[in-house]
Every structure is written in structure tokens, then in C-alpha cells.
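Analysis of the macromolecular model
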Amino acid sequence: MTVHALEMRCSFCGKKQEEVAQLIAGPGPAICDECVHLCNDVLAGKRLEGVRLWDDQSDEELMATMVRVASLKHHVDRAVGRIARLLRSRGTTWTAIGEALGITKQSAWERFSGED
């Protein structure tokens, strides 16, 4: 199996690894130092400055937000596929993978097998 280098992004804000000081990555999600600081502020009960709700964003800002969120879906889909292939290499059945994802065995095979 060929391993391709992934463009690492924060799973929360969508910023690329090169756009932040530090990116902490796990086996799926990743979080940047800026989002960690934001989480710490939330946990400390601080009022969040500069965080704008979607309704408060201009059309241009909301469009950029939409693009970032859509790119996160792509990264999640790729991670799920890698996990499904790893599970298959360990002998997990397509039935079990499908059940875990709430889809049929056939749908799991079609989505993750890489076969036509």
C-alpha cells in the first residue's frame, strides 16, 4: 500500500500546518495551538473575543468558512477510508465495518475497497 503525504490541517479551524505555530495531530483529528488556546479560554469561562457566529459573517466570510468546512469533510473521509482499509488488513469483515458506520456491507465495500 502506498502512503501519500497528507496536507495536515486543524480539524477545528481548517488552517494548514504552515499557517499555525504548532499542530497536534492524532490518528484522525488535529488541533492547532490557536484552537487549543481558544478551548482553554472556553474552559476557563472567558468571553470569546473575535469569534463570529455564521449569522454575523459577511457573504464573503461565510463563503470562506464554507470552503474550510468542506475541506475538513474531505480529510475526514480520507481518514475513515484509511481506517477501513487497516481494519480489512486485520481481517475485519465488510459487514462489521458497514454496521459500525451505519451502512450496508455492500456500501462499505463500494466506498472503501478501491475495487470496481
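Given the structure is predicted, the values throughout are model-derived calculations rather than measurements. Sequence positions are assigned chain by chain, starting from 1 and proceeding in written order. Under the rules for a predicted model, residues below a pLDDT of 70 receive no local features and side-chain atom pairs below 80 are neither given nor counted, while totals for whole chains, interfaces and linings still include all residues. Side-chain measures here rest on the full set of heavy atoms in the structure, leaving out hydrogens and waters.

Quick look at the pattern of salt bridges now. Oppositely charged side chains can pair when the atoms bearing their charge come close. In the sections that follow, a salt bridge refers to a side-chain nitrogen of Lys or Arg positioned within 4 Å of a carboxyl oxygen of Asp or Glu. Per the stated rule, a full pass over the model turns up 4 salt bridges. Lysine 15 is the partner of glutamate 34 in a salt bridge, and the nearest nitrogen-oxygen pair spans 2.4 Å. Here lysine 15 lies in the segment before strand E1 (23-25) and glutamate 34 lies in helix H1 (residues 33-43), a separation of 19 residues in the sequence. Only protein chains enter the accessibility calculation, which uses a 1.4 Å probe; a residue is then buried when its area is under 20% of its type maximum, exposed when over 50%, and partly exposed in between. Judged by its relative accessible area of 35%, glutamate 34 falls in the partly exposed class. Taking the relative accessible area as the measure of exposure, lysine 15 reaches 30% and is therefore partly exposed. A salt bridge links aspartate 77 to arginine 111, with the shortest nitrogen-to-oxygen separation between them at 3.3 Å. Secondary structure is summarised from DSSP: a helix means a run of H or I of at least four residues, a strand means a run of E of at least two, and numbering begins at the N terminus for each.

With that out of the way, let us pick up the UniProt feature "binding site: Zn(2+)" (unreviewed entry) in the protein. In the numbering used here, UniProt assigns the "binding site: Zn(2+)" (unreviewed entry) feature to Cys10, Cys13, Cys32 and Cys35. The named residues occupy 26 residues along the chain; their greatest pairwise C-alpha distance, 8.2 Å, places them in one compact cluster. Secondary-structure assignment places cysteine 32 in strand E2 (residues 30-32). Owing to a relative accessible area of 0%, cysteine 32 belongs among the buried residues under this scheme. If we ignore the near neighbours within four places in the chain, the residues touching cysteine 32 are Cys10, Cys13, Val20, Gln22 and Leu23. Classification of cysteine 35 by relative accessible area gives buried; the value is 8%. When checking whether two residues touch, look at their non-hydrogen atoms; a contact exists if any pair is within 4.5 Å. In contact with cysteine 35, not counting residues within four places along its chain, are Cys10, Phe12 and Cys13. UniProt positions are given in the numbering used here, feature names are shortened, and annotations may be inferred rather than shown by experiment.

To qualify as a nonpolar core, a set must consist of buried Ala, Val, Leu, Ile, Met, Phe, Trp, Tyr and Cys residues joined through side-chain atoms within 4.5 Å. In terms of nonpolar packing, the biggest core is built from 8 residues, these being Cys10, Cys13, Val20, Leu23, Ala30, Ile31, Cys32 and Cys35. Here this core takes 3 residues from E2, the largest share from any one element. With 5 residues, the next largest nonpolar core counts Ala84, Ile97, Ala108 and Phe112 among its residues.

Cavities and pockets are defined on a 1 Å grid built over the protein atoms alone: a cavity is a set of grid points where a 1.4 Å probe fits but cannot escape, while a pocket is an open set with protein on both sides within 12 Å along at least five of seven lines, and lining residues are those with an atom within 4 Å of any such point. Grid points are joined across faces, edges and corners, and a volume is the space filled by probe spheres set on the points. Approximately 340 Å³ is the volume found for the second largest pocket. In terms of lining residues, the second largest pocket is bounded by 19 residues, among which Gly28, Pro29, His75, Ala79 and Arg82 are the most central. If one sorts the elements of the lining of the second largest pocket by residue count, helix H2 (residues 59-89) sits on top with 8 residues. Tallied by class, the residues present in the lining of the second largest pocket amount to 11 nonpolar, 4 polar and 4 charged. When residue character is reported, Ala, Val, Leu, Ile, Met, Phe, Trp, Tyr, Cys and Pro are called nonpolar, Asp, Glu, Lys and Arg charged, and the others, Gly included, polar.

We now examine a nonpolar patch on the surface. Patches draw on residues past 30% relative accessible area with no salt bridge. Two like charges within 9 Å are joined, as are two nonpolar side chains (Val, Leu, Ile, Met, Phe, Trp, Tyr) within 5 Å. The method behind every accessible area is Shrake-Rupley, applied with a 1.4 Å probe, and residues are considered shielded solely by the protein chains displayed. Taken together, Trp54, Leu62 and Val69 make up a surface patch of nonpolar side chains, about 310 Å² in accessible area. Inspection of the secondary structure assignment puts tryptophan 54 in the loop between H1 and H2. A relative accessible area of 57% places tryptophan 54 in the exposed class.

This part takes up the environment of arginine 47. Looking at the secondary structure, you find arginine 47 in the loop between H1 and H2. When the C-alpha positions of arginine 47 and threonine 95 are compared, they lie 47 Å apart, and in sequence the two are 48 residues distant.

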